[in-house]
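Coordinate inspection notes
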Amino acid sequence: MGNPCSGNVSNATLEKTKKHPCYSADAHNKYARMHLPVAPGCNVQCNYCNRKFDCVNESRPGVTSEVLTPDLAAEKFAWVKSKIKELTVIGIAGPGDALGNWESTKATIEKIRELDKDVTFCLSTNGLMLPDYAEQIVALGVHHVTVTMNALDPEISAKIYKFVSYKGKNYAGIEGAEILLKNQLAGIEYLTSHGVLVKINIVMIKGINDHHIPDVVKKVKDLGVFVTNIMPLIPAPGSAFEDFPQTSMKEINDLRNICQLEIEQMRHCQQCRADAIGLLGEDRSQEFRMCNRPSLESTLPKLTEKQYKIAVTSKYGKLVDQHFGHATKFLIYQGDGTNFEKIENRLVNKFCAGVEECDSDEGKRDMVIDALQGCDAVLTMRIGQYAKDKLQEKEIYSVTHCDTIENGLQYAVSQLSILNNRKQKRQQEM
Ligand code: CLF
Ligand code: SF4
């Protein structure tokens, strides 16, 4: 693909782009992407979208057979990566908006990066929240972002978006369209000037924005985007545009040929599901549904013979269902990732009775941390950054998980094994 904005883009990003199946036409039948559906909510309502309807045979944005938490997404990544060697890109493309669910999107990126530092992350967004999160996107090292932008003219945009929900208020019509447009333009400019390769998706809707698309393409070219992707409208059942005609591929290609004079056009888009997996032309999402996953021990990196001591927070001793700061007792388990034995309970004074106290009582919190001496890890439903950092100083790794204790312990050992392998590798390289 062309590279109009390479001035700000690092060589490492350009190298990764060669293995990105959407950004590089040459890569589309060699490298695979996986969408992790961790972003269920959306902050706008496009008239062509209906996310309620899921059919396993349906392939279009907004469709998914499951929604995952960041922990499950990391687990799924480990599973799929062990089966599809050519997996290079992890995309977060809904089923709602990646930035409309920012905490979940960010946690997913962080967790997967702990497992694989080389994977390429790719986000897809309507762009409404870009001014809020573009800086964090850059800081997280995400270099591929797609923004769907269907119009520059708010009057045209108002026919495409039913409403825009921004900072707790809904805006309809031109008012909503103006907010969306302003944020999209500011966000795109920020990203392109900070080394991110931005792709613009445009849905061609006959009689609404078709004649206006060349203006959109010109504008985003001036903002330094990498490529534009003009896609046909798929009239989704139950959406406001369900009775609109599907745009034909001839119409799409004619428009792409006009716009190609301005900027490179993507021509191999598959309008993927939000849980798509595999090569672009060969969706394997149904093979990798989490309800079919094998047990953790066979999907995660091979567990070692080493015996680990892991402290668990649990309300009733069955599930990992308690916050670190709420625990009055830590259940200490010892084992190798397959077999575990509970060897003791350690009683502590709960240090958190609410957010405010959490922030103020570092003394109590330090006493809890001291009580965990000798453990390799803490397995908990949630933990604050301060406690996490303090534990880290004592080489106690924090693992957040929400499942049975048994599965949580397996997961924790898999994480510890990865860390140990990495540590050993670093030592060997020194
Ligand atoms: Fe996914 Fe989109 Fe990233 Fe690709 S899809 S977030 S850029 S990894 Fe690709 Fe699928 Fe077309 Fe999207 S074929 S719908 S363009
Ligand atoms: Fe659907 Fe995406 Fe539009 Fe949100 S931005 S309404 S998920 S198409």
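Fair warning: this is a prediction, and the values are worked out from it, not measured in the lab.

**Topic: the overall build of the protein chain**
The secondary structure content of the protein chain amounts to 13 helices and 15 strands. By the compact-globule yardstick of 22 Å for 430 residues, the protein chain fits well, its C-alpha radius of gyration being 24 Å. Here the C-alpha coordinates of the protein chain stretch approximately 70 × 45 × 40 Å along the principal axes. For the protein chain, the residues scored as buried account for 52% of the 430 residues in total. Here the analysis covers contacts within the protein chain between residues at least 6 apart in sequence; of these, 70% occur between residues at least 24 apart. Counting every atom, the protein chain has about 19400 Å² of accessible surface; 49% of that belongs to carbon and sulfur.

**Re the environment of Ala327**
Looking at the element boundaries, Ala327 is found in the loop between strand S11 (308–312) and strand S12 (329–335). Along the sequence, Ala327 and Phe351 sit 24 residues apart, while their C-alpha atoms lie 8.1 Å from each other. If sequence neighbours within four positions are ignored, Ala327 has contacts with Thr313, Gln322, Val348, Asn349 and Lys350.

**Let's talk about the layout of surface pockets**
Over the atoms, a rolling probe the size of a water molecule traces out where space has been left empty. Of the volumes computed, that of the largest pocket is approximately 980 Å³. Elements with a minimum of two residues in the lining of the largest pocket: helix H2 (70–83), helix H3 (102–115), helix H12 (385–393), strand S15 (397–400) and helix H13 (405–429). Per element, the largest residue contribution to the lining of the largest pocket is six residues, and it comes from H3. Tallied by class, the residues present in the lining of the largest pocket amount to nine nonpolar, eight polar and eleven charged. Contributing to the lining of the second largest pocket are 15 residues, with Leu115, Asp116, Lys117, Ile418 and Arg422 lying nearest its centre. Going through the elements one at a time, H2 and H13 are the ones with two or more residues in the lining of the second largest pocket. Here the lining of the second largest pocket is built from residues that sort into five nonpolar, two polar and eight charged. When residues of the lining of the second largest pocket are sorted by domain, at least three fall in each of domain 1 (6–292) and domain 2 (301–429).

**A short note on the site of ligand 2**
Surveying the vicinity of ligand 2 reveals the residues Cys42, Val44, Gln45, Cys46, Tyr48, Cys49, Arg51, Pro95, Gly96 and Asn126. Here the shell around ligand 2 is composed, by residue class, of six nonpolar, three polar and one charged.

**Some details on the sheet that holds S15**
The strands making up a sheet are joined through hydrogen bonds of the backbone, oriented either antiparallel or parallel. Here five strands make up an open sheet; going across it, the order is S13-S12-S11-S14-S15 and the pairing mixed. Either end of the sheet is taken by a strand with one partner, and the two such strands are strand S13 (340–347) and S15. Strand after strand, the sheet turns through a mean of 25° between neighbouring axes, direction not considered. Where S11 meets strand S14 (residues 377–380), three bridges bridge the pair, whose relative direction is parallel. In the sheet register, Val312 faces S14, and the bridge partner there is Leu379.

**Structural notes on the domain arrangement of the protein chain**
A common way to state how big an interface is: give the accessible area lost once the parts meet. Under the domain assignment used here, the protein chain contains domain 1 (6–292) and domain 2 (301–429). Where domain 1 touches domain 2, the interface holds zero salt bridges. At the junction of domain 1 with domain 2, the criterion picks out two residue pairs in polar contact (both at pLDDT 80 or more). Listed by contribution, the elements that provide at least two residues to the side of domain 1 that touches domain 2 are H2 and H3. Counting residues per element, the side of domain 1 that touches domain 2 draws most heavily on H3, at four residues. Residue classes in the side of domain 1 that touches domain 2 are distributed as two nonpolar, no polar and six charged.

**Structural notes on unusual backbone geometry**
The peptide bond linking Gly94 to Pro95 adopts the cis configuration, its omega dihedral lying at 20°. Examined against the element boundaries, Pro95 turns out to sit in the loop between strand S3 (87–92) and H3. A positive phi angle, close to 45°, is found at Gln271, a residue other than glycine. Summarising the element assignment, Gln271 is placed in the loop between helix H8 (249–259) and strand S10 (277–278). Positive phi is not limited to glycine here, since Glu395 has a value of about 60°. Its place among the elements puts Glu395 in the loop between H12 and S15.

**Observations concerning the pattern of salt bridges**
Applying the stated criterion to the full structure yields twelve salt bridges. In this structure, the salt-bridge partner of Glu251 is Lys206, at a minimum N-O distance of 2.7 Å. One end of the pair, Glu251, is in helix H8; the other, Lys206, is in the loop between strand S8 (197–204) and helix H7 (213–222), with 45 residues separating them in the sequence. Here Arg346 and Glu344 are joined by a salt bridge, their closest N and O atoms 3.2 Å apart. Given a relative accessible area of 30%, Glu344 falls into the partly exposed group.

Thresholds applied
- Residues numbered from 1 in each chain as written.
- Chains lettered and ligands numbered in written order.
- Predicted model: local features only at pLDDT ≥ 70, side-chain atom pairs only at ≥ 80, totals over all residues.
- Heavy atoms only, no water.
- Helix = DSSP H or I, 4+ residues; strand = E, 2+ residues; numbered from the N terminus.
- Rg over C-alpha atoms; globule rule 2.2 N^0.38 Å.
- Buried < 20%, exposed > 50% of the residue type's maximum accessible area, 1.4 Å probe, protein only.
- Contact = heavy atoms within 4.5 Å.
- Areas by Shrake-Rupley, 256 points an atom, 1.4 Å probe, with all protein chains shown as cover.
- 1 Å grid on protein atoms, 1.4 Å probe; cavity = no way out; pocket = protein on both sides within 12 Å on 5 of 7 lines; lining within 4 Å.
- Points joined across faces, edges and corners; volume = space filled by probe spheres on them.
- Nonpolar A, V, L, I, M, F, W, Y, C, P; charged D, E, K, R; others polar.
- Domains from an automatic or database assignment.
- Near = heavy atom within 4 Å.
- Pairing = 2+ DSSP bridges.
- Axes fitted to C-alpha atoms, helices over the stretch in contact; angles between N-to-C directions.
- Salt bridge = Lys/Arg side-chain N within 4 Å of Asp/Glu carboxyl O.
- Polar contact = N/O pair within 3.5 Å; in protein donor to acceptor, adjacent residues only side chain to side chain.

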